[in-house]
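Coordinate inspection notes
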Amino acid sequence: MKIAVIHGPNLRLLGKREPEVYGSDTLDDVNNVLATLADEMAAEIEVFQSNHEGELLDYIEEAATRVDGFLINPGSYTHTSIALRDALTGVDRPFVECHLSNISSRERFRRHSYLAPVASGVVYGFGVHSYVLGLRGLLAQLES
Ligand code: CA2
């Protein structure tokens, strides 16, 4: 199984700013944890981060030709992007949405996700473990 891990806008700041909200692990730490887990589960990941909505759309369309599913933290596009939802529903691949923080316990605008209704699953509030749980869930679903 090959999974594309997508990090949305500003997530490259992880571990460098707002550690009280997002923790102290960097994006490289997250990617390393996921690569190790994928290896243990006889799977493979490729990683993409962008601050640009259009680049995320182009990547999803292109990566869908070579991956079995997507694990995505869409960042703030979660709450704004119908285009991202359309890109993910437009490719015939399952995706799991994950978030570091508990988006239900923060500002009201973070409670709504355009992606969640069409996701295979959503994990949030567990810091880096949200990605880990999301990858496990996605692989389990693909293998069943
Ligand atoms: O909790 C999450 O994972 C979020 O997707 C993070 C987004 C936020 O807009 C979502 O509502 C929830 C923000 C990503 C910005 O990443 C930063 C990381 C460290 C420091 C500053 C920003």
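These remarks concern the structure in this document. (Residues numbered from 1 in each chain as written. Predicted model: local features only at pLDDT ≥ 70, side-chain atom pairs only at ≥ 80, totals over all residues. Heavy atoms only, no water.)

1. Considerations on the packing of helix H2 (residues 27-40) against helix H5 (residues 128-143)
Closest axis-to-axis distance for the H2/H5 pair is 10 Å, and the angle between their directions is 25 degrees. Overall, the two elements H2 and H5 adopt an arrangement that is roughly parallel. As H2 packs across H5, the resulting crossing turns out to be right-handed. Contacts from Val30, Val33, Leu34, Leu37 and Ala38 in H2 reach Val128, Tyr131, Val132, Leu135 and Arg136 in H5. Looking at the contact of H2 with H5 residue by residue, the classes come out as nine nonpolar, no polar and one charged. (Axes fitted to C-alpha atoms, helices over the stretch in contact; angles between N-to-C directions. Helix = DSSP H or I, 4+ residues; strand = E, 2+ residues; numbered from the N terminus. Parallel < 35°, antiparallel > 145°, perpendicular 65-115°, else oblique. Left-handed = near helix turned anticlockwise from the far one by under 90°. Contact = heavy atoms within 4.5 Å. Nonpolar A, V, L, I, M, F, W, Y, C, P; charged D, E, K, R; others polar.)

2. Describing the environment of Leu135
Along the chain, Leu135 turns up in helix H5. The spatial distance from the C-alpha of Leu135 to the C-alpha of Leu56 is 19 Å, given a sequence separation of 79 residues.

3. Regarding the nonpolar core
By size, the foremost hydrophobic cluster in this structure holds 21 residues, and its most contacted members are Ile3, Val30, Leu34, Ile45, Leu71, Tyr131 and Leu135. Discounting residues that sit within four places of it in the chain, Leu34 has contacts with Val5, Ile45, Leu71, Tyr131, Val132 and Leu135. Ala4, Ala63, Ile72 and Tyr77 belong to the second largest nonpolar core, which has 18 residues in total. (Core = buried A, V, L, I, M, F, W, Y, C linked by side-chain atoms within 4.5 Å. Buried < 20%, exposed > 50% of the residue type's maximum accessible area, 1.4 Å probe, protein only.)

4. Points about the site of the ligand
By nearness alone, 17 residues border the ligand, and Asn73, His79, His99, Leu100 and Ser101 come closest of all. The separation between an oxygen atom of the ligand and a polar main-chain atom of Asn10 is 3.4 Å. Between the ligand and His99 there is a distance of 2.8 Å, counted from an oxygen atom to a side-chain nitrogen or oxygen. Calculation on the ligand without its partners gives an accessible area of 510 Å², and the protein chains cover 95% of this total. When the residues that make up the shell around the ligand are grouped by side-chain class, the tally is seven nonpolar, seven polar and three charged. (Near = heavy atom within 4 Å. Polar contact = N/O pair within 3.5 Å; in protein donor to acceptor, adjacent residues only side chain to side chain. Areas by Shrake-Rupley, 256 points an atom, 1.4 Å probe, with all protein chains shown as cover.)

5. Focus: the sheet that holds strand E2 (residues 44-49)
Hydrogen bonding along the main chain pairs the strands of a sheet, whether they run parallel or antiparallel. The parallel open sheet is built from five strands, whose spatial order is E2-E1-E3-E4-E5. Two strands lie at the open edges of the sheet, namely E2 and strand E5 (121-124), each paired on one side alone. Mean inter-strand twist for the sheet, computed between neighbouring axes without regard to direction, equals 20 degrees. Where strand E4 (residues 95-99) meets E5, four bridges bridge the pair, whose relative direction is parallel. From the neighbouring strand, Cys98 faces E5, where its bridge partner is Val123. (Pairing = 2+ DSSP bridges.)

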